[in-house]
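Per-entry structural report
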Amino acid sequence: MSYSPLRSQSNHTAFVTLTNGRLIRGSLDILPSMPLDILCEAFRRFLLKRSTAFIWKSARRNVDGLPEAPADMSEVQYASLVFGFACHYQGCDRKARDTVWHLRIRSCANCRPKHQPIKLNESNDYLAICATLACYPETLEQYIPCGPFLNSKGNSAKGFQEHHIKKFADELSALSLSERQAYLDRRTQATEVISQFASAGVAWQLRAKNVRIAELRNKRAARAKTIHESLVATGFKEEIDHFGWDRIRKHPLINSTQAMTDKACSSVLDQLREYMLGWRELRMEEQVYAFRRRVFVDAWLRFTTNIFHNAPSGCPYLPLPPNATIGFSESIDSVIRQASPISHESLLEQLQAASVPACEYVLDWHRTIRRELASLLPGHKAESNDESVHAQLKLATSVFQCTDRNCRGGGRTLAYPEILSHPCFTRVTQGNGPSPRDPRGIANQKACLVMGGPWNCNGRVQVHPRQYVVNKALLCCGKDPGFTTAAEMDKQDPRLVCLECPARDRVITFMSWRCAVQHNIIFHPDSALKDPWLMAIRPPVYGSINMSGVQNLRSFSNTSGDTLGDYSVCLLCPPRIPSWNTRFGSGDLMGHINNMHGVPSPVFGKHYIFDTNITPIYLNLVIIR
């Protein structure tokens, strides 16, 4: 194959590669029309010639502080060792990241373990060398290259390679005593050359790394300064002053090293606007909204307490959603997030007015939660109306279990509506600290810390795997599990005796059907009895039991390490308000009863009692004879 010059005469010539590998002279005018692969191949062959070593050397000396190439390496080999992209390990096609100077290889991150130093006390060859030469580990550095090299953390380190030690041991054992000293002298000279080259290479690498770090730091500082000035001019000075620029600038768009051109600045500021609006929301949450949320919690409690005590007798009561669920509703949230300043009296009036439509929101919330829970039950139909869904949840067999790994319920059954006050579904976690990339998430977390967590059971609830225990209890009482509701069982209030628990001291324990189910699940999880209970035909006769007598109460939560006083609720407030139980401390509940209801000395059983939704309890009903 050949090429004809466009001009017959030219003072400029070039080498063109033919298919047979020979070079011919031609005009440089042909370069624009030459195929790129042929042009690259021509220059590659030209630069790999020994006569062009001066070009490589001249280019290498433009790099400040780079050591001279070893005498046994060509300039091309040295350039590949220092700047090459390919990993030198056979069969690896990943990008190289490390230069191991004393081994003269380039390595990728995955191949790094292949040249990690060995532990000398685990090498039989090392022990044999020490015995032969009667030397210490420091002496071996004279004969075997050990670095230095940069470890995975970027620090200078030393260490022996297993194949170096094995080769040295084999060569040493093959020599006679008269030949050994000359061999050791040669090894000392060769190792000294390698060590000097490796030390110079590592020193240059560390200097270049520090220079690069300083260069990138200056670029980031210049970019951050430009963005800082633009954000201040845009109106985010208060957010920068409140949180500090060092915290805000951790965003990747601000912390980048790319130079800020006019076009790039416009694009970056558009993306950072939403980011800064999140910081503004967080600032308002800390400075304004937190106080308003505390006022809302107190106002909502007063509002619901008044409705609860003034409700007609026999009116069905629905458990209240958590405070955060109401606080994040549109009617309440719009009052809390007002931008203009507002007096305390005006805030209370607006919250009082917003609480009326919030009652309708409570009903809608219950419908949504009922459908969410019913979707987990077998046989549920998505097209069922709310009445059918509610009827399905009322069945005694519709029981659930919390799957949260931190749940302290011990696998107890949860039924509607008691499941709505289960603490695992309103837990607020701090996480691993504030993330600079999500200020809105931090603001939401702070709001939850004031109001409590919103109700959320996604991924943390399932149909109870021992649902069949409820079926056995219903069958023992002569009821049909497919139609019997929990309310019917509570009204009949049958007493059951566990047939697996032996009667001790001639004492027989009679339990309600709910307690019997919990008892079987907790104390007899591996029970295989077809009929684990005996139903008492006539409930035991016992005198009135004083609820203030703690000795008459027995708590299931003792099995998980809780105490009886861990969780209690105020009896003067609407039932199951999570904000006022003693998981926030017994002092908070006592103070609430003192301040909110004017009771100076609260009495257990009259003003507060154990929260049976969190700490299930039952009475020890016994027959001595």
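None of the values given here were measured: they were computed from a predicted structure. (Residues numbered from 1 in each chain as written. Predicted model: local features only at pLDDT ≥ 70, side-chain atom pairs only at ≥ 80, totals over all residues. Heavy atoms only, no water.)

**Here's the deal with the overall build of the protein chain**
Along the backbone of the protein chain there are 19 helices and 16 strands. Evaluated residue by residue, the protein chain yields a buried proportion of 40% over its 625 residues. A sequence separation of at least 24 residues applies to 62% of the contacts in the protein chain between residues at least 6 apart. As presented, the protein chain carries roughly 35,500 Å² of accessible surface, and 53% of it is formed by carbon and sulfur atoms. (Helix = DSSP H or I, 4+ residues; strand = E, 2+ residues; numbered from the N terminus. Buried < 20%, exposed > 50% of the residue type's maximum accessible area, 1.4 Å probe, protein only. Contact = heavy atoms within 4.5 Å. Areas by Shrake-Rupley, 256 points an atom, 1.4 Å probe, with all protein chains shown as cover.)

**Comments concerning helix α3 (residues 75-83)**
Buried within α3 we find Glu75, Tyr78, Leu81 and Val82. Taken around the axis of α3, the buried residues stretch over an arc of 120°, which confines them to a single face. Of the surrounding secondary structure, the elements contacted by the buried residues of α3 are α2 (53-60), β3 (98-100), β4 (105-107) and α7 (177-234). (Arc of directions from axis to C-beta.)

**Some details on the side chain of Gln518**
Within the fold, Gln518 resides in helix α18 (residues 513-523). Judged by relative accessible area, Gln518 falls into the buried class, the value being 6%. Of note is the side chain of Gln518, whose polar atom sits 2.4 Å from the side chain of Thr413. (Polar contact = N/O pair within 3.5 Å; in protein donor to acceptor, adjacent residues only side chain to side chain.)

**What to know about a nonpolar patch on the surface**
On the surface, a nonpolar cluster with roughly 450 Å² of combined accessible area is contributed by Phe43, Phe46, Leu47, Phe54 and Ile55. The element best represented in the nonpolar patch is helix α1 (residues 36-47), accounting for three residues. You can see Phe43 is positioned in helix α1. (Patch = residues over 30% accessible without salt bridge, like charges linked within 9 Å, V, L, I, M, F, W, Y side chains within 5 Å. Salt bridge = Lys/Arg side-chain N within 4 Å of Asp/Glu carboxyl O.)

**A word on the nonpolar core**
Core analysis: the biggest nonpolar cluster contains 21 residues, and Phe296, Trp300, Ile326, Ile332, Leu351 and Met451 have the highest contact counts within it. Put simply, the parts of the chain that give this core at least two residues each are α10 (262-309), α11 (323-327), α12 (330-336), α13 (344-374) and α15 (439-451). Ranked by the residues each element gives to this core, the list is headed by α10, at eight residues. (Core = buried A, V, L, I, M, F, W, Y, C linked by side-chain atoms within 4.5 Å.)

**Describing the packing of aromatic side chains**
Inspection of the entire model under this criterion finds 12 aromatic pairs. Centroid distance Trp101 to Trp204: 6.3 Å. Interplanar angle 85°. Geometry classified as edge-to-face. With a gap of 103 residues between them, Trp101 in the loop between β3 and β4 and Trp204 in helix α7 connect regions that are remote in the sequence. As far as the burial class goes, Trp101 and Trp204 line up, both buried. Here the aromatic cluster, defined as three or more aromatic residues joined through ring pairs, consists of Tyr78, Phe83, Trp101, Phe197 and Trp204. The residue whose ring lies beneath Arg104 is Phe197, and the NZ or CZ to ring-centre distance is 5.7 Å. (Phe/Tyr/Trp six-rings, centres within 6.5 Å; stacked < 30°, edge-to-face > 60°. Lys NZ or Arg CZ within 6 Å of the ring centre and 35° of its normal.)

**Let's talk about unusual backbone geometry**
Put simply, Gly147 and Pro148 share a cis peptide bond, and its omega is 5°. Structurally, the position occupied by Pro148 is in the loop between α5 (137-140) and β5 (149-150). Cis rather than trans, the peptide bond between Tyr416 and Pro417 has omega equal to 10°. Unlike most non-glycine residues, Arg104 shows phi in positive territory, near 60°.

**What to know about α13**
The first and last C-alpha atoms of α13 sit 42 Å apart over 31 residues, in line with the 45 Å expected at 1.5 Å per residue. If you look at α13, its biggest bend is around 35°, right at Val356, and the proline Pro357 turns up within four residues after that. All buried positions along α13 are accounted for by Leu347, Leu351, Ala354, Ser355, Ala358, Val362, Trp365, His366, Ile369, Arg370, Leu373 and Ala374. (Expected span 1.5 Å × (residues − 1). Bend = angle between axes of the 7 residues up to and from the residue.)

**Digging into the confidence of the model for the protein chain**
Per-residue confidence for the protein chain gives a mean pLDDT of 79; residues scoring 70 or more make up 80%. Low pLDDT, under 50, characterises residues 576-586; the stretch is placed with 33 contacts to residues that sit more than four places away or in other chains. Across residues 612-625, where pLDDT falls below 50, the model places 50 contacts with residues more than four positions away in sequence or in other chains. (pLDDT = per-residue confidence, 0-100.)

**Section: the pairing of strand β9 (residues 495-498)**
Going residue by residue along β9, you find Arg495 and Val497 tucked away on one face and Leu496 and Cys498 tucked away on the opposite face as well. Both β9 and strand β11 (residues 533-535) contribute to a ladder of three bridges, which runs antiparallel. Counterpart to Cys498 in the pairing with β11 is Trp533. (Pairing = 2+ DSSP bridges.)

**With respect to the packing of α2 against α3**
Closest axis-to-axis distance for the α2/α3 pair is 9 Å, and the angle between their directions is 35°. For the pair α2 and α3, the contacting residues are Ala53, Trp56, Lys57 and Arg60 in the first and Glu75, Val76, Tyr78 and Ala79 in the second. Classifying every residue of the contact of α2 with α3 gives five nonpolar, no polar and three charged. (Axes fitted to C-alpha atoms, helices over the stretch in contact; angles between N-to-C directions. Nonpolar A, V, L, I, M, F, W, Y, C, P; charged D, E, K, R; others polar.)

**Considerations on the environment of Gly411**
Among the secondary structure elements, Gly411 is positioned in the loop between β7 (400-402) and α15. Residue classification places Gly411 among the partly exposed residues on the basis of a relative accessible area of 22%. When the C-alpha positions of Gly411 and Gln518 are compared, they lie 8.7 Å apart, and in sequence the two are 107 residues distant. Other than its neighbours up to four places away in sequence, Gly411 contacts Gln401, His464 and Ile521.

**Structural notes on the side chain of Gln161**
Examined against the element boundaries, Gln161 turns out to sit in the loop between β6 (156-157) and α6 (162-173). For Gln161, a relative accessible area of 3% gives the class buried. Side-chain polar atoms of Gln161 contact the backbone oxygen of His115, separated by 2.8 Å. When near neighbours in sequence (up to four residues on either side) are disregarded, Gln161 contacts His102, Leu103, Lys114, His115, Gln116 and Pro117.

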